[in-house]
Amino acid sequence: MSTIDDVRIIELPKFLDARGNLSFAENFKQIPFEIKRTYWIYDVPGGENRGGHAFRENQELVIALSGAFDVIVDDGVKKKTFSLNRSYYGLYIPNGLWRTMENFSTNSFALEFGSVNYLPEDYIRDYDEFLKMKKDGKI
Ligand code: TYD
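Remember, it's a predicted structure, so these values are computed and weren't measured experimentally.

A. Quick peek at the overall build of the protein. Of the regular secondary structure elements, the protein holds 1 helix and 12 strands. Its helices and strands taken in sequence order, the protein reads β-β-β-β-β-β-β-β-β-β-β-β-α from the N to the C terminus. Along the first, second and third principal axes, the C-alpha atoms of the protein reach 55 × 35 × 25 Å. A separation of at least 24 residues holds for 76% of the contacts in the protein among residues at least 6 apart in sequence. Summing over all exposed atoms, the protein offers an accessible surface of approximately 8,000 Å²; the carbon and sulfur share of this is 48%. Measuring between centres, the 18 positive side-chain charges of the protein sit 3 Å from its 21 negative side-chain charges.

See the structure below:
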């Protein structure tokens, strides 16, 4: 069962260059899983939140490719806020944790890599159900 202590910022390689900087990430190297899916969030109106849910199986790496936002991760006992504002930091979130995304800056762009294909059944969208599953050791 995952906890807040399993969430971590992964510093990605960066090649600083007068022509523009470059970063990258590869499966099982910088990314601790195999990417099956990628999704991105953009054009977030001021004050809106995204991603209030947990995944049963999906692990994620979240990158603020542009701008800044906060990711609040919750293991049912403890919560922690990670502020992302660099395109070379990836936030690794294992499955089984509740997470929300808040405080998006203007023109921010969140890129996310996932470890499983999209499956609506993988989502837990009810916080009380999440807490119960966590308490019962089901996720
Ligand atoms: P959702 O994950 O609920 O967004 P958020 O995490 O911000 O709450 O996704 C919003 C909609 O997009 C949802 O109805 C399903 C669709 N979707 C896909 O079809 N495939 C995907 O890979 C993702 C991430 C979402």
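B. Structural view of the site of the ligand. Neighbouring residues of the ligand: Arg37, Tyr39, Arg50, Gly51, His53, Tyr118, Tyr123 and Arg125. Between an oxygen atom of the ligand and a side-chain N or O atom of Arg37, the distance comes to 2.6 Å. Sorting the residues of the shell around the ligand by element identifies β4 (37-41) and β5 (50-55) as the ones contributing at least two each. Element by element, the count of residues in the shell around the ligand is highest for β5, at 3 residues. Residues of the shell around the ligand, tallied by class, amount to 3 nonpolar, 2 polar and 3 charged.

C. Empty space enclosed by the protein, seen in detail. Evaluated as defined, the whole model comprises 1 cavity of 30 Å³ or more. Within this model, the largest cavity holds a volume of roughly 30 Å³. Lining of the largest cavity is provided by Phe55, Asn58, Gln59, Glu60, Ile93, Pro94, Asn95, Gly96, Leu97 and Arg99. Looking at side-chain class alone, the lining of the largest cavity contains 4 nonpolar, 4 polar and 2 charged residues.

D. Here's a closer look at unusual backbone geometry. Phi is positive for Asp43, close to 55 degrees, though the residue is something other than glycine. Tracing the chain through its elements places Asp43 in the loop between β4 and β5. Positive phi values are uncommon outside glycine, yet Asn103 reaches one of about 55 degrees. Judged by relative accessible area, which is 53%, Asn103 ranks as exposed.

E. Geometry of the side chain of Arg37. Mapping Arg37 onto the fold places it in strand β4. At 5.5 Å, Asp122 is the nearest oppositely charged side chain to Arg37, a buried residue that forms no salt bridge. There is a polar contact of 2.8 Å between the side chain of Arg37 and the backbone oxygen of Val116. When sequence neighbours within four positions are dropped, the list of residues in contact with Arg37 reads Phe55, Asn58, Glu112, Phe113, Gly114, Val116, Asn117, Tyr118 and Tyr123.

About the cut-offs
Residues numbered from 1 in each chain as written. Predicted model: local features only at pLDDT ≥ 70, side-chain atom pairs only at ≥ 80, totals over all residues. Heavy atoms only, no water. Helix = DSSP H or I, 4+ residues; strand = E, 2+ residues; numbered from the N terminus. Contact = heavy atoms within 4.5 Å. Areas by Shrake-Rupley, 256 points an atom, 1.4 Å probe, with all protein chains shown as cover. Lys, Arg positive; Asp, Glu negative; His and termini not counted. Charge placed at Lys NZ, Arg CZ, Asp CG, Glu CD. Near = heavy atom within 4 Å. Polar contact = N/O pair within 3.5 Å; in protein donor to acceptor, adjacent residues only side chain to side chain. Nonpolar A, V, L, I, M, F, W, Y, C, P; charged D, E, K, R; others polar. 1 Å grid on protein atoms, 1.4 Å probe; cavity = no way out; pocket = protein on both sides within 12 Å on 5 of 7 lines; lining within 4 Å. Points joined across faces, edges and corners; volume = space filled by probe spheres on them. Buried < 20%, exposed > 50% of the residue type's maximum accessible area, 1.4 Å probe, protein only. Salt bridge = Lys/Arg side-chain N within 4 Å of Asp/Glu carboxyl O.

Take it as geometry only, folks, not as evidence of what the structure does.
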